[in-house]
Amino acid sequence: MTAPSLKFLLVDDLEANLDALEGLLQRDGLELLKARSGPEALELLLVHDVALALLDVNMAGMDGFELAELMRGTERTRRVPIIFLTAGAIDQQRRFRGYDAGAVDFIFKPIEPHILQSKAGIFFELAMQREVLRRKAEEAQAASRAKDHFMAALSHELRTPLTPVLMAVAALQNDHGLASEARELLDMMRRNIELEARLIDDLLDATRIHNDKLTIKPANVDVHELLRHCQGTIAWDVQEKQVSMISDLGADHHHVWADPVRLQQVFGNLLNNAVKFTPALGNITLRTFNPDETHIAVQVEDTGIGITPQARPRIFDAFEQGDASGQPRYGGLGLGLSISKAIVEAHAGTITADSAGPDCGSIFTVTLSASEAAAQPATPATPPAATRQPLRLLMVEDHAPTRAILGRLLARHGHEVVSTSTMAEALAAFHPEAFDAVITDLGLPDGSGLELMRELRKHSTIPSIALSGYGMEADLQQTKEAGFTAHLTKPIQVEELLSILAKVER
(Lines give C-alpha, C1' and ligand atoms only; values in the text may rest on other atoms or scores of the structure.)
Protein backbone atom coordinates (compact mmCIF):
# COMPACT_ATOMS: atom_id res chain seq x y z
CA MET A 1 0.00 0.00 0.00
CA THR A 2 1.56 3.33 -1.09
CA ALA A 3 1.92 6.07 1.50
CA PRO A 4 -1.02 8.49 1.43
CA SER A 5 -0.50 12.14 0.45
CA LEU A 6 -2.05 14.80 2.70
CA LYS A 7 -2.78 18.46 2.12
CA PHE A 8 -2.49 21.49 4.44
CA LEU A 9 -3.98 24.87 3.55
CA LEU A 10 -1.89 27.98 4.32
CA VAL A 11 -3.68 31.36 4.13
CA ASP A 12 -1.89 34.68 4.59
CA ASP A 13 -2.09 37.91 2.61
CA LEU A 14 1.69 38.33 2.65
CA GLU A 15 3.68 36.18 0.20
CA ALA A 16 6.75 36.26 2.44
CA ASN A 17 4.75 34.73 5.31
CA LEU A 18 3.45 31.97 3.06
CA ASP A 19 6.99 31.16 1.89
CA ALA A 20 8.19 31.04 5.51
CA LEU A 21 5.36 28.70 6.53
CA GLU A 22 6.06 26.47 3.56
CA GLY A 23 9.73 26.24 4.50
CA LEU A 24 8.89 25.26 8.08
CA LEU A 25 6.20 22.69 7.29
CA GLN A 26 7.43 20.99 4.11
CA ARG A 27 7.86 17.21 4.52
CA ASP A 28 7.42 13.98 2.56
CA GLY A 29 3.78 12.99 2.06
CA LEU A 30 2.51 16.55 2.58
CA GLU A 31 1.28 18.96 -0.11
CA LEU A 32 0.99 22.61 0.95
CA LEU A 33 -1.74 24.68 -0.70
CA LYS A 34 -1.19 28.46 -0.49
CA ALA A 35 -3.79 31.21 -0.70
CA ARG A 36 -3.36 35.00 -0.24
CA SER A 37 -7.02 35.75 0.52
CA GLY A 38 -10.22 34.23 1.89
CA PRO A 39 -11.90 33.91 -1.54
CA GLU A 40 -8.79 32.26 -2.99
CA ALA A 41 -8.77 29.80 -0.06
CA LEU A 42 -12.44 28.97 -0.60
CA GLU A 43 -11.73 28.20 -4.26
CA LEU A 44 -8.99 25.77 -3.23
CA LEU A 45 -11.31 24.12 -0.69
CA LEU A 46 -13.86 23.44 -3.43
CA VAL A 47 -11.46 21.03 -5.16
CA HIS A 48 -9.12 19.84 -2.40
CA ASP A 49 -9.65 17.93 0.86
CA VAL A 50 -7.32 19.32 3.50
CA ALA A 51 -6.25 17.83 6.82
CA LEU A 52 -5.41 21.18 8.46
CA ALA A 53 -5.90 24.88 7.72
CA LEU A 54 -3.53 27.55 9.07
CA LEU A 55 -5.27 30.92 8.75
CA ASP A 56 -3.86 34.38 9.34
CA VAL A 57 -6.33 36.36 11.45
CA ASN A 58 -5.59 39.85 10.13
CA MET A 59 -6.03 39.85 6.37
CA ALA A 60 -7.35 42.55 4.08
CA GLY A 61 -10.94 42.01 2.98
CA MET A 62 -12.10 38.71 4.49
CA ASP A 63 -10.23 38.08 7.73
CA GLY A 64 -9.35 34.66 9.18
CA PHE A 65 -12.39 34.53 11.48
CA GLU A 66 -14.79 35.21 8.60
CA LEU A 67 -13.10 32.56 6.46
CA ALA A 68 -13.34 30.03 9.30
CA GLU A 69 -17.05 30.77 9.80
CA LEU A 70 -17.69 30.16 6.09
CA MET A 71 -15.76 26.90 6.31
CA ARG A 72 -17.86 25.79 9.28
CA GLY A 73 -21.03 26.56 7.32
CA THR A 74 -20.19 24.07 4.54
CA GLU A 75 -20.49 20.29 4.97
CA ARG A 76 -17.36 19.65 2.94
CA THR A 77 -15.10 21.75 5.22
CA ARG A 78 -16.91 21.96 8.55
CA ARG A 79 -14.64 19.38 10.20
CA VAL A 80 -11.28 20.73 8.98
CA PRO A 81 -9.08 21.61 12.02
CA ILE A 82 -8.05 25.28 12.05
CA ILE A 83 -5.02 26.92 13.66
CA PHE A 84 -5.14 30.73 13.70
CA LEU A 85 -1.92 32.70 13.18
CA THR A 86 -1.91 36.23 14.61
CA ALA A 87 0.66 38.99 15.03
CA GLY A 88 -1.03 40.77 17.92
CA ALA A 89 -2.74 40.10 21.17
CA ILE A 90 -6.32 38.84 20.95
CA ASP A 91 -8.84 39.86 23.55
CA GLN A 92 -11.05 37.32 25.27
CA GLN A 93 -14.07 38.09 23.08
CA ARG A 94 -12.14 37.57 19.80
CA ARG A 95 -10.56 34.43 21.20
CA PHE A 96 -14.03 33.03 21.94
CA ARG A 97 -15.09 33.99 18.41
CA GLY A 98 -12.13 32.08 17.03
CA TYR A 99 -12.95 28.94 18.95
CA ASP A 100 -16.62 29.22 17.99
CA ALA A 101 -15.50 29.37 14.36
CA GLY A 102 -13.69 26.05 14.79
CA ALA A 103 -10.19 26.89 15.96
CA VAL A 104 -8.22 24.16 17.68
CA ASP A 105 -5.36 26.52 18.61
CA PHE A 106 -3.78 29.99 18.26
CA ILE A 107 -0.11 30.58 17.36
CA PHE A 108 1.29 34.06 17.84
CA LYS A 109 3.77 35.78 15.56
CA PRO A 110 6.69 35.88 15.43
CA ILE A 111 6.26 32.15 15.13
CA GLU A 112 8.59 29.86 17.04
CA PRO A 113 9.43 27.18 14.43
CA HIS A 114 9.49 24.18 16.77
CA ILE A 115 6.06 25.08 18.21
CA LEU A 116 4.49 25.33 14.75
CA GLN A 117 6.21 22.17 13.53
CA SER A 118 5.23 20.23 16.64
CA LYS A 119 1.56 21.23 16.53
CA ALA A 120 1.25 20.76 12.77
CA GLY A 121 3.08 17.42 13.07
CA ILE A 122 0.43 16.11 15.46
CA PHE A 123 -2.34 16.79 12.92
CA PHE A 124 -0.18 15.33 10.15
CA GLU A 125 0.29 12.05 12.04
CA LEU A 126 -3.39 11.85 13.01
CA ALA A 127 -4.47 12.48 9.43
CA MET A 128 -1.99 9.88 8.15
CA GLN A 129 -3.42 7.30 10.55
CA ARG A 130 -6.99 8.12 9.51
CA GLU A 131 -6.04 7.85 5.84
CA VAL A 132 -4.32 4.50 6.36
CA LEU A 133 -7.36 3.19 8.23
CA ARG A 134 -9.67 4.49 5.49
CA ARG A 135 -7.64 2.77 2.81
CA LYS A 136 -7.56 -0.47 4.76
CA ALA A 137 -11.35 -0.29 5.20
CA GLU A 138 -11.77 0.27 1.46
CA GLU A 139 -9.46 -2.65 0.69
CA ALA A 140 -11.38 -4.86 3.13
CA GLN A 141 -14.67 -3.86 1.50
CA ALA A 142 -13.22 -4.52 -1.94
CA ALA A 143 -11.97 -7.93 -0.79
CA SER A 144 -15.41 -8.70 0.65
CA ARG A 145 -17.09 -7.71 -2.62
CA ALA A 146 -14.59 -9.82 -4.56
CA LYS A 147 -15.30 -12.78 -2.27
CA ASP A 148 -19.05 -12.36 -2.73
CA HIS A 149 -18.61 -12.13 -6.50
CA PHE A 150 -16.44 -15.25 -6.46
CA MET A 151 -19.01 -17.13 -4.40
CA ALA A 152 -21.81 -16.11 -6.78
CA ALA A 153 -19.73 -17.07 -9.83
CA LEU A 154 -18.71 -20.38 -8.24
CA SER A 155 -22.35 -21.09 -7.45
CA HIS A 156 -23.31 -20.41 -11.07
CA GLU A 157 -20.58 -22.64 -12.47
CA LEU A 158 -21.46 -25.49 -10.08
CA ARG A 159 -25.21 -25.23 -10.64
CA THR A 160 -25.18 -25.16 -14.43
CA PRO A 161 -23.98 -28.75 -15.06
CA LEU A 162 -26.32 -30.05 -12.33
CA THR A 163 -29.39 -28.85 -14.22
CA PRO A 164 -29.38 -31.31 -17.17
CA VAL A 165 -28.47 -34.19 -14.85
CA LEU A 166 -31.36 -33.45 -12.47
CA MET A 167 -33.80 -33.04 -15.35
CA ALA A 168 -32.61 -36.26 -16.99
CA VAL A 169 -33.17 -38.13 -13.73
CA ALA A 170 -36.63 -36.59 -13.41
CA ALA A 171 -37.43 -37.65 -16.97
CA LEU A 172 -36.39 -41.25 -16.29
CA GLN A 173 -38.37 -41.32 -13.06
CA ASN A 174 -41.55 -40.63 -15.04
CA ASP A 175 -41.10 -43.89 -16.91
CA HIS A 176 -43.81 -46.07 -15.32
CA GLY A 177 -42.27 -49.23 -16.76
CA LEU A 178 -39.01 -48.71 -14.90
CA ALA A 179 -37.76 -51.61 -12.77
CA SER A 180 -37.88 -51.00 -9.03
CA GLU A 181 -34.10 -51.39 -8.70
CA ALA A 182 -33.49 -48.77 -11.37
CA ARG A 183 -36.03 -46.46 -9.74
CA GLU A 184 -34.20 -46.79 -6.41
CA LEU A 185 -30.94 -45.86 -8.14
CA LEU A 186 -32.58 -42.83 -9.73
CA ASP A 187 -33.99 -41.80 -6.35
CA MET A 188 -30.49 -42.01 -4.92
CA MET A 189 -29.07 -39.95 -7.78
CA ARG A 190 -31.74 -37.28 -7.39
CA ARG A 191 -31.18 -37.01 -3.64
CA ASN A 192 -27.45 -36.55 -4.11
CA ILE A 193 -27.88 -33.94 -6.84
CA GLU A 194 -30.28 -32.03 -4.60
CA LEU A 195 -27.80 -32.39 -1.72
CA GLU A 196 -25.11 -30.87 -3.93
CA ALA A 197 -27.43 -27.96 -4.70
CA ARG A 198 -28.14 -27.59 -0.98
CA LEU A 199 -24.42 -27.34 -0.22
CA ILE A 200 -24.12 -24.58 -2.80
CA ASP A 201 -27.09 -22.82 -1.20
CA ASP A 202 -25.39 -23.12 2.19
CA LEU A 203 -22.35 -21.27 0.86
CA LEU A 204 -24.57 -18.49 -0.47
CA ASP A 205 -26.56 -18.36 2.77
CA ALA A 206 -23.32 -17.99 4.70
CA THR A 207 -22.48 -15.02 2.47
CA ARG A 208 -25.96 -13.53 3.02
CA ILE A 209 -25.61 -13.86 6.77
CA HIS A 210 -22.13 -12.33 6.75
CA ASN A 211 -23.49 -9.34 4.80
CA ASP A 212 -26.61 -9.13 6.97
CA LYS A 213 -28.83 -9.79 3.92
CA LEU A 214 -30.71 -12.89 5.03
CA THR A 215 -34.30 -12.33 3.89
CA ILE A 216 -37.36 -13.60 5.74
CA LYS A 217 -40.81 -13.83 4.13
CA PRO A 218 -43.16 -14.67 7.01
CA ALA A 219 -46.54 -16.36 6.80
CA ASN A 220 -48.77 -18.31 9.19
CA VAL A 221 -47.11 -21.73 9.26
CA ASP A 222 -48.17 -25.07 10.70
CA VAL A 223 -44.98 -26.39 12.31
CA HIS A 224 -46.31 -29.96 12.44
CA GLU A 225 -46.97 -29.90 8.72
CA LEU A 226 -43.43 -28.70 8.03
CA LEU A 227 -41.97 -31.38 10.31
CA ARG A 228 -43.91 -34.14 8.57
CA HIS A 229 -42.60 -32.93 5.24
CA CYS A 230 -39.03 -32.90 6.60
CA GLN A 231 -39.48 -36.43 7.91
CA GLY A 232 -40.52 -37.50 4.41
CA THR A 233 -37.35 -36.06 2.89
CA ILE A 234 -35.11 -38.12 5.19
CA ALA A 235 -37.21 -41.32 5.13
CA TRP A 236 -34.89 -43.06 2.67
CA ASP A 237 -31.77 -42.20 4.69
CA VAL A 238 -33.43 -43.37 7.92
CA GLN A 239 -34.36 -46.66 6.30
CA GLU A 240 -30.96 -47.20 4.69
CA LYS A 241 -29.12 -46.54 7.96
CA GLN A 242 -31.59 -48.64 9.98
CA VAL A 243 -32.30 -45.84 12.44
CA SER A 244 -35.57 -45.74 14.37
CA MET A 245 -37.52 -42.50 13.89
CA ILE A 246 -39.90 -41.65 16.75
CA SER A 247 -42.38 -38.83 16.27
CA ASP A 248 -44.02 -37.16 19.25
CA LEU A 249 -45.73 -34.02 17.96
CA GLY A 250 -47.53 -33.13 21.16
CA ALA A 251 -47.78 -29.32 20.97
CA ASP A 252 -51.36 -28.05 21.12
CA HIS A 253 -50.35 -24.66 19.71
CA HIS A 254 -48.25 -25.48 16.66
CA HIS A 255 -48.60 -22.49 14.34
CA VAL A 256 -45.96 -19.76 14.03
CA TRP A 257 -45.53 -16.57 12.04
CA ALA A 258 -42.40 -17.47 10.07
CA ASP A 259 -40.84 -18.04 6.68
CA PRO A 260 -41.87 -21.63 5.82
CA VAL A 261 -38.95 -22.21 3.44
CA ARG A 262 -36.37 -20.99 5.94
CA LEU A 263 -37.99 -22.83 8.84
CA GLN A 264 -38.04 -26.04 6.83
CA GLN A 265 -34.34 -25.45 6.17
CA VAL A 266 -33.70 -25.35 9.94
CA PHE A 267 -35.67 -28.49 10.72
CA GLY A 268 -34.15 -30.28 7.74
CA ASN A 269 -30.64 -29.42 8.93
CA LEU A 270 -31.33 -30.75 12.43
CA LEU A 271 -32.91 -33.98 11.19
CA ASN A 272 -30.19 -34.58 8.59
CA ASN A 273 -27.52 -34.04 11.25
CA ALA A 274 -29.29 -36.46 13.58
CA VAL A 275 -29.27 -39.15 10.88
CA LYS A 276 -25.65 -38.38 9.96
CA PHE A 277 -24.30 -38.55 13.51
CA THR A 278 -26.42 -41.44 14.80
CA PRO A 279 -25.01 -44.96 14.29
CA ALA A 280 -27.02 -47.82 12.79
CA LEU A 281 -29.83 -49.12 15.00
CA GLY A 282 -29.83 -45.87 16.95
CA ASN A 283 -32.88 -43.73 17.75
CA ILE A 284 -34.00 -40.26 16.68
CA THR A 285 -36.90 -38.60 18.45
CA LEU A 286 -38.71 -35.62 16.98
CA ARG A 287 -41.00 -33.91 19.48
CA THR A 288 -42.92 -30.69 19.93
CA PHE A 289 -44.42 -29.17 23.06
CA ASN A 290 -45.55 -25.83 24.39
CA PRO A 291 -43.31 -24.60 27.23
CA ASP A 292 -46.03 -22.00 27.80
CA GLU A 293 -49.13 -20.78 25.98
CA THR A 294 -47.21 -18.37 23.77
CA HIS A 295 -44.32 -20.55 22.57
CA ILE A 296 -43.66 -23.81 20.76
CA ALA A 297 -40.51 -25.88 21.17
CA VAL A 298 -39.23 -28.33 18.55
CA GLN A 299 -36.70 -30.89 19.75
CA VAL A 300 -34.55 -33.30 17.76
CA GLU A 301 -32.96 -35.86 20.07
CA ASP A 302 -30.60 -38.60 18.94
CA THR A 303 -28.50 -41.39 20.42
CA GLY A 304 -25.47 -40.47 18.33
CA ILE A 305 -21.90 -39.39 18.94
CA GLY A 306 -22.83 -36.51 21.23
CA ILE A 307 -20.93 -33.26 21.69
CA THR A 308 -17.70 -32.84 23.62
CA PRO A 309 -17.54 -30.10 26.28
CA GLN A 310 -14.83 -28.44 24.17
CA ALA A 311 -17.03 -28.37 21.05
CA ARG A 312 -20.24 -27.12 22.68
CA PRO A 313 -19.30 -23.41 22.77
CA ARG A 314 -18.46 -23.57 19.04
CA ILE A 315 -21.22 -25.86 17.82
CA PHE A 316 -23.09 -23.04 16.03
CA ASP A 317 -19.98 -21.46 14.51
CA ALA A 318 -19.55 -21.52 10.74
CA PHE A 319 -17.46 -24.42 9.39
CA GLU A 320 -17.47 -26.08 12.82
CA GLN A 321 -17.94 -29.83 12.56
CA GLY A 322 -16.19 -32.37 14.70
CA ASP A 323 -16.86 -35.79 16.15
CA ALA A 324 -16.35 -36.79 19.75
CA SER A 325 -12.59 -36.76 19.30
CA GLY A 326 -12.60 -33.37 17.63
CA GLN A 327 -11.67 -34.72 14.19
CA PRO A 328 -14.11 -34.06 11.31
CA ARG A 329 -15.07 -37.23 9.49
CA TYR A 330 -18.72 -36.93 8.56
CA GLY A 331 -18.59 -34.79 5.41
CA GLY A 332 -20.43 -31.57 4.69
CA LEU A 333 -19.30 -27.99 5.08
CA GLY A 334 -20.13 -27.42 8.74
CA LEU A 335 -22.46 -24.54 7.84
CA GLY A 336 -25.86 -26.05 8.62
CA LEU A 337 -26.03 -25.21 12.33
CA SER A 338 -24.56 -21.73 11.83
CA ILE A 339 -27.17 -20.96 9.17
CA SER A 340 -29.93 -22.50 11.30
CA LYS A 341 -28.98 -20.28 14.24
CA ALA A 342 -29.08 -17.16 12.06
CA ILE A 343 -32.49 -18.14 10.66
CA VAL A 344 -33.96 -18.87 14.09
CA GLU A 345 -32.64 -15.62 15.53
CA ALA A 346 -34.04 -13.72 12.54
CA HIS A 347 -37.42 -15.05 13.73
CA ALA A 348 -36.71 -13.79 17.28
CA GLY A 349 -36.39 -17.41 18.42
CA THR A 350 -33.68 -19.44 20.14
CA ILE A 351 -31.80 -22.62 19.29
CA THR A 352 -29.77 -24.59 21.82
CA ALA A 353 -27.66 -27.73 21.85
CA ASP A 354 -27.35 -30.10 24.83
CA SER A 355 -25.36 -33.27 25.31
CA ALA A 356 -24.06 -35.29 28.22
CA GLY A 357 -20.81 -35.82 26.32
CA PRO A 358 -19.22 -38.14 23.75
CA ASP A 359 -21.42 -41.09 22.68
CA CYS A 360 -24.28 -39.79 24.84
CA GLY A 361 -26.40 -38.32 22.07
CA SER A 362 -27.56 -34.75 21.52
CA ILE A 363 -30.70 -32.67 21.92
CA PHE A 364 -31.27 -29.62 19.74
CA THR A 365 -34.17 -27.37 20.75
CA VAL A 366 -35.72 -24.60 18.65
CA THR A 367 -38.14 -22.29 20.47
CA LEU A 368 -40.41 -19.88 18.59
CA SER A 369 -43.37 -17.66 19.42
CA ALA A 370 -46.62 -19.45 18.68
CA SER A 371 -49.46 -17.84 16.71
CA GLU A 372 -53.12 -18.55 16.13
CA ALA A 373 -53.97 -21.08 13.42
CA ALA A 374 -54.98 -19.35 10.20
CA ALA A 375 -58.30 -20.09 8.58
CA GLN A 376 -57.69 -22.34 5.61
CA PRO A 377 -58.90 -20.83 2.33
CA ALA A 378 -60.62 -23.04 -0.17
CA THR A 379 -58.04 -24.42 -2.60
CA PRO A 380 -59.12 -24.25 -6.21
CA ALA A 381 -58.90 -27.53 -8.01
CA THR A 382 -55.88 -27.82 -10.30
CA PRO A 383 -56.82 -28.99 -13.75
CA PRO A 384 -55.25 -32.28 -14.72
CA ALA A 385 -52.19 -32.03 -16.93
CA ALA A 386 -54.05 -33.52 -19.89
CA THR A 387 -56.51 -30.62 -20.01
CA ARG A 388 -53.82 -27.92 -19.99
CA GLN A 389 -53.33 -26.33 -23.35
CA PRO A 390 -49.93 -26.84 -24.95
CA LEU A 391 -47.85 -23.67 -25.20
CA ARG A 392 -45.58 -22.28 -27.87
CA LEU A 393 -42.31 -21.61 -26.08
CA LEU A 394 -39.15 -19.74 -27.06
CA MET A 395 -36.22 -21.21 -25.14
CA VAL A 396 -32.83 -19.46 -24.96
CA GLU A 397 -30.05 -21.56 -23.39
CA ASP A 398 -26.39 -21.69 -24.42
CA HIS A 399 -25.57 -24.78 -22.33
CA ALA A 400 -26.16 -27.52 -24.92
CA PRO A 401 -26.98 -30.42 -22.53
CA THR A 402 -29.51 -28.27 -20.63
CA ARG A 403 -31.03 -27.03 -23.89
CA ALA A 404 -31.42 -30.55 -25.22
CA ILE A 405 -32.93 -32.21 -22.15
CA LEU A 406 -35.18 -29.28 -21.24
CA GLY A 407 -36.52 -29.05 -24.78
CA ARG A 408 -37.23 -32.79 -24.77
CA LEU A 409 -39.03 -32.66 -21.41
CA LEU A 410 -41.18 -29.69 -22.41
CA ALA A 411 -42.07 -31.39 -25.70
CA ARG A 412 -42.98 -34.55 -23.77
CA HIS A 413 -45.53 -32.48 -21.84
CA GLY A 414 -47.08 -31.31 -25.08
CA HIS A 415 -45.40 -27.94 -25.51
CA GLU A 416 -44.00 -26.70 -28.80
CA VAL A 417 -40.43 -25.47 -28.27
CA VAL A 418 -38.19 -23.32 -30.45
CA SER A 419 -34.66 -23.60 -29.06
CA THR A 420 -32.00 -20.91 -29.48
CA SER A 421 -28.58 -20.47 -27.90
CA THR A 422 -27.83 -16.75 -28.24
CA MET A 423 -29.52 -13.42 -27.74
CA ALA A 424 -29.24 -12.67 -31.47
CA GLU A 425 -30.95 -15.96 -32.42
CA ALA A 426 -33.72 -15.33 -29.91
CA LEU A 427 -34.41 -11.81 -31.20
CA ALA A 428 -34.45 -13.08 -34.79
CA ALA A 429 -36.90 -15.87 -33.88
CA PHE A 430 -39.20 -13.82 -31.67
CA HIS A 431 -42.55 -12.48 -32.78
CA PRO A 432 -45.23 -11.55 -30.20
CA GLU A 433 -47.92 -13.62 -31.90
CA ALA A 434 -45.67 -16.64 -32.39
CA PHE A 435 -45.06 -17.54 -28.74
CA ASP A 436 -46.95 -17.83 -25.46
CA ALA A 437 -43.92 -17.61 -23.14
CA VAL A 438 -40.15 -17.18 -23.11
CA ILE A 439 -37.72 -19.28 -21.06
CA THR A 440 -34.20 -17.89 -21.05
CA ASP A 441 -30.90 -18.37 -19.33
CA LEU A 442 -29.41 -15.13 -18.02
CA GLY A 443 -25.81 -15.75 -19.06
CA LEU A 444 -25.66 -15.75 -22.87
CA PRO A 445 -22.54 -15.61 -25.07
CA ASP A 446 -23.56 -12.37 -26.84
CA GLY A 447 -25.37 -10.56 -24.04
CA SER A 448 -27.62 -11.48 -21.14
CA GLY A 449 -31.16 -12.62 -20.54
CA LEU A 450 -31.75 -9.27 -18.84
CA GLU A 451 -30.83 -7.41 -22.03
CA LEU A 452 -32.95 -9.80 -24.06
CA MET A 453 -35.98 -9.22 -21.85
CA ARG A 454 -35.57 -5.45 -22.03
CA GLU A 455 -35.61 -5.71 -25.81
CA LEU A 456 -38.67 -7.98 -25.82
CA ARG A 457 -40.49 -5.70 -23.39
CA LYS A 458 -40.36 -2.94 -26.01
CA HIS A 459 -42.76 -4.94 -28.15
CA SER A 460 -44.54 -7.43 -25.88
CA THR A 461 -45.69 -8.29 -22.36
CA ILE A 462 -45.17 -12.00 -22.98
CA PRO A 463 -44.74 -14.12 -19.80
CA SER A 464 -41.07 -14.86 -19.23
CA ILE A 465 -39.09 -17.18 -16.97
CA ALA A 466 -35.44 -16.57 -16.08
CA LEU A 467 -33.15 -19.56 -15.55
CA SER A 468 -29.90 -18.83 -13.76
CA GLY A 469 -27.17 -20.24 -11.60
CA TYR A 470 -27.24 -16.91 -9.77
CA GLY A 471 -29.85 -16.75 -7.03
CA MET A 472 -28.89 -13.98 -4.62
CA GLU A 473 -31.42 -11.28 -3.69
CA ALA A 474 -29.77 -8.80 -6.04
CA ASP A 475 -30.16 -11.27 -8.91
CA LEU A 476 -33.86 -11.78 -8.17
CA GLN A 477 -34.36 -8.01 -8.01
CA GLN A 478 -32.62 -7.54 -11.35
CA THR A 479 -34.83 -10.06 -13.13
CA LYS A 480 -37.94 -8.52 -11.58
CA GLU A 481 -36.92 -5.04 -12.72
CA ALA A 482 -36.17 -6.36 -16.22
CA GLY A 483 -39.75 -7.62 -16.48
CA PHE A 484 -39.45 -11.37 -15.86
CA THR A 485 -42.51 -13.20 -14.57
CA ALA A 486 -40.46 -15.71 -12.55
CA HIS A 487 -36.86 -16.56 -11.63
CA LEU A 488 -35.78 -20.19 -11.24
CA THR A 489 -32.35 -20.92 -9.78
CA LYS A 490 -30.44 -23.86 -11.26
CA PRO A 491 -30.55 -26.76 -10.88
CA ILE A 492 -34.23 -26.26 -11.62
CA GLN A 493 -36.99 -28.67 -10.70
CA VAL A 494 -38.99 -29.55 -13.84
CA GLU A 495 -42.15 -29.74 -11.76
CA GLU A 496 -41.71 -26.12 -10.65
CA LEU A 497 -41.20 -24.94 -14.22
CA LEU A 498 -44.27 -26.85 -15.40
CA SER A 499 -46.30 -25.38 -12.53
CA ILE A 500 -45.40 -21.85 -13.67
CA LEU A 501 -46.20 -22.68 -17.30
CA ALA A 502 -49.55 -24.12 -16.24
CA LYS A 503 -50.61 -20.59 -15.22
CA VAL A 504 -49.84 -19.13 -18.66
CA GLU A 505 -52.89 -18.57 -20.81
CA ARG A 506 -52.76 -18.74 -24.60
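The structure displayed is predicted, hence computed values, not measured ones.

Read from one edge to the other, the open sheet built from 5 strands follows the order β14-β13-β15-β18-β19, with strand pairing classed as parallel. Edge strands, defined here as strands with exactly one partner in the open sheet, are β14 (416–420) and β19 (486–489). The average angle at which neighbouring strand axes cross in this sheet is 20 degrees, direction not considered. Relative to strand β15 (residues 437–441), strand β13 (residues 392–396) runs parallel, the two being bridged by 4 bridges. For Met395, the partnering residue across the bridge sits in β15 and is Ile439. The sheet contacts of helix α12 (residues 449–456) involve β13, β15 and β18 (464–468), and relative to β15 the element is tilted by about 155 degrees.

Further remarks concern the pattern of salt bridges. Counted by the stated rule, this structure contains 21 salt bridges. Arg134 is the salt-bridge partner of Glu131, the closest N and O atoms lying 2.4 Å from each other. You can see Glu131 and its partner Arg134 sitting in helix α5 (residues 113–173), 3 residues apart, about one turn around the helix. Glu131 gets classed as buried once you look at its relative accessible area, which sits at 17%. Judged by relative accessible area, which is 38%, Arg134 ranks as partly exposed. In this structure, Arg312 and Asp354 form a salt bridge, with 3.5 Å as the shortest nitrogen-oxygen distance. Linking Arg312 in the loop between β10 (295–302) and α9 (336–346) with Asp354 in strand β11 (residues 350–354), this pair joins segments that are 42 residues apart in sequence. Taken together, the salt bridges that share partners define one network made up of Glu131, Arg134, Arg135 and Glu138.

The rules behind these values
- Residues numbered from 1 in each chain as written.
- Predicted model: local features only at pLDDT ≥ 70, side-chain atom pairs only at ≥ 80, totals over all residues.
- Heavy atoms only, no water.
- Pairing = 2+ DSSP bridges.
- Helix = DSSP H or I, 4+ residues; strand = E, 2+ residues; numbered from the N terminus.
- Axes fitted to C-alpha atoms, helices over the stretch in contact; angles between N-to-C directions.
- Contact = heavy atoms within 4.5 Å.
- Salt bridge = Lys/Arg side-chain N within 4 Å of Asp/Glu carboxyl O.
- Buried < 20%, exposed > 50% of the residue type's maximum accessible area, 1.4 Å probe, protein only.

All we've got here are geometric facts, nothing functional implied.
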